[in-house]
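Letter by letter, the chains look like this.
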Amino acid sequence: MPAPSSSPTASPETSASATAGASTTGAARPAPAGPAPTSARARFGPVALVVSAGISVQFGAALAVMIMPRAGAAGVVTLRLAAAALVLLLVCRPKVRGYSRSDWGTVLAFGVAMAGMNGLFYQSIDRIPLGPAVTLEVLGPLALSVIVSRRLVNLLWAGLALGGVVLLSGHGGGGFGFGSLDPAGAAFAIGAGAMWAAYIVFSARTGRRFPQADGLALAMAVAAVISLPLGVIESGSALLVPSTLALGLGVAVLSSVLPYTLELLALRRMPAPTFAILMSLEPAIAATAGFLVLSQAMSPLDALAIALVIAASMGAVRSQLGGRAKPGPKEGVS
């Protein structure tokens, strides 16, 4: 899932760049450019933070798959969002006064997008392997990046991503139509990607209206409230089993609290476009987590499909950055 955005100045375009290749729960906060790092530790430290965050997110998703037989997909989403909301509310202690109706409408939309993104994604990984699910989900941020950039070269990256999806549709040798992948699972993953794109847009808008991470905490609470009835209907008292609660807390820490913290630390030391390119590796991390934790093997065509989508995500981010670095005769430098 994506990292949160708490920047009051982040634009939807910046948010799209910073998350064009990510996965469990959005826009990233661009940090002010600091002095150029000189030591190897300074150069590679932020990279290690981002990679660690990606590993945490995807292995958290793998853990979620393992506890779905106990609590169901909707139940796991409820546990994750409720635990994450509780942690963020305790840490941020957001103020609830002094905001306009428009401000609350924005944070409500952000929470709805967050709930939809998580709910659809977990329904997806309950039906199809983790690697293909994240690969299909990434198409949402990638499409947003292509749209907001308005550059013809990004049609090339969109075509490359489409080629990856076509290859992925032959998963298991079943031919076009997603082969052995459950069609509902594939549809849920694509829907999660669409909600992820909405998450990026409303994350940036919330960041402009609410200080620090207050908007994120409030939106997470909205998402938890939305998911609660679905989780209770599907899982009932199973959500209150101590072992299930403990595992749900583990999913929340691995998929939300820890990666958000690591990514925000990394973004203070590296440019947002570099962060976005590193986040493009998440489908590969997801496939690795699925293989190691869930014994979800990949065929050569699956690996090639994931590689194409990763390349498309990286290319879209780099071309968007290049377009800003080299404005045309009638463009100004933003």
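To be clear, the structure that these remarks concern was listed above.
Residues numbered from 1 in each chain as written. Predicted model: local features only at pLDDT ≥ 70, side-chain atom pairs only at ≥ 80, totals over all residues. Heavy atoms only, no water.

Here we look at the packing of helix α3 (residues 101–125) against helix α8 (residues 214–235)
As a reminder of what qualifies: Helix axes are fitted only over the stretch in contact, all axes being lines through C-alpha atoms; the angle between N-to-C directions runs from 0 to 180 degrees. Here a helix means four or more residues in a row that DSSP labels H or I, a strand means two or more in a row labelled E, and each is numbered from the N terminus. In this scheme, roughly parallel covers angles under 35 degrees and roughly antiparallel covers those over 145, while 65 to 115 is roughly perpendicular and the rest are oblique. Crossings are sorted by hand: turned counterclockwise from the far helix by less than a right angle, the near helix makes the crossing left-handed, and turned clockwise it makes it right-handed. Contacts: residue pairs with any heavy atoms within 4.5 Å of one another. Gly falls in the polar group here, along with every residue not listed as nonpolar (Ala, Val, Leu, Ile, Met, Phe, Trp, Tyr, Cys, Pro) or charged (Asp, Glu, Lys, Arg).
One can describe the packing of α3 onto α8 by two numbers: an axis separation of 7 Å at closest approach and a directional angle of 55°. Relative to α8, the element α3 is oriented oblique. Crossing hand, α3 versus α8: right-handed. Residues Trp104, Val107, Leu108, Phe110, Gly111, Val112, Met114 and Ala115 of α3 form the contact with α8, whose own contacting residues are Gly215, Leu216, Leu218, Ala219, Met220, Val222, Ala223 and Ile226. Looking at side-chain class alone, the contact of α3 with α8 contains 14 nonpolar, 2 polar and no charged residues.

Digging into the environment of Ala84
In this fold, Ala84 is placed in helix α2 (residues 40–92). Here the alpha-carbon distance between Ala84 and Ala217, two residues 133 residues apart in the chain, equals 8.6 Å. Excluding residues within four positions of it along the chain, Ala84 makes contact with Met220, Ala252 and Ser256.

A word on the pattern of salt bridges
The condition that has to hold: Salt bridges, as used here, are contacts in which a Lys or Arg side-chain nitrogen is within 4 Å of a carboxyl oxygen on Asp or Glu.
Applying the stated criterion to the full structure yields 1 salt bridge. Measuring nitrogen to oxygen at the nearest pair gives 2.6 Å for the salt bridge that ties Asp103 to Arg209. Of this pair, Asp103 sits in helix α3 while Arg209 sits in helix α7 (residues 183–209), and the two are 106 residues apart along the sequence.

What to know about helix α4 (residues 130–137)
Filter applied, for reference: Per-residue accessibility, obtained with a 1.4 Å probe over protein chains only, is compared with the maximum for each type, and a residue is labelled buried under 20%, exposed over 50%, and partly exposed between these values.
The buried fraction of α4 amounts to 8 of the 8 residues, a majority that puts the element mostly inside the structure. When we look at burial in α4, the residues that qualify are Leu130, Gly131, Pro132, Ala133, Val134, Thr135, Leu136 and Glu137.

Let's talk about the environment of Ala61
With respect to the helices and strands, the residue Ala61 is situated in helix α2. Residue classification places Ala61 among the buried positions, given a relative accessible area of 0%. Here the alpha-carbon distance between Ala61 and Gly290, two residues 229 residues apart in the chain, equals 8.9 Å. Not counting chain neighbours up to four residues away, the residues in contact with Ala61 comprise Phe121, Ile125, Leu130 and Ser255.

A closer look at a nonpolar patch on the surface
As a reminder of what qualifies: A patch is a set of surface residues, each over 30% in relative accessible area and not in a salt bridge, joined within 9 Å for like charges and within 5 Å for the nonpolar side chains Val, Leu, Ile, Met, Phe, Trp and Tyr. Per-residue accessibility takes into account occlusion by the displayed protein chains alone, with areas from the Shrake-Rupley method and a 1.4 Å probe.
A cluster of nonpolar side chains, namely Met66, Phe291, Leu292 and Val293, defines an oily patch on the protein surface of about 390 Å² accessible area. It is helix α11 (residues 282–294) that contributes the most residues to the nonpolar patch, 3 residues altogether. The topology assignment puts Val293 in helix α11. Here Val293 falls in the partly exposed class, since its relative accessible area comes to 31%.

Some points on unusual backbone geometry
Despite not being glycine, Arg93 shows a phi value in the positive range, around 45°. Relative to the elements of secondary structure, Arg93 occurs in the loop between α2 and α3. Of note in this structure, Ser295 is not a glycine but carries a positive phi near 55°. Taking relative accessible area as the criterion, Ser295 reaches 62% and is therefore assigned exposed.

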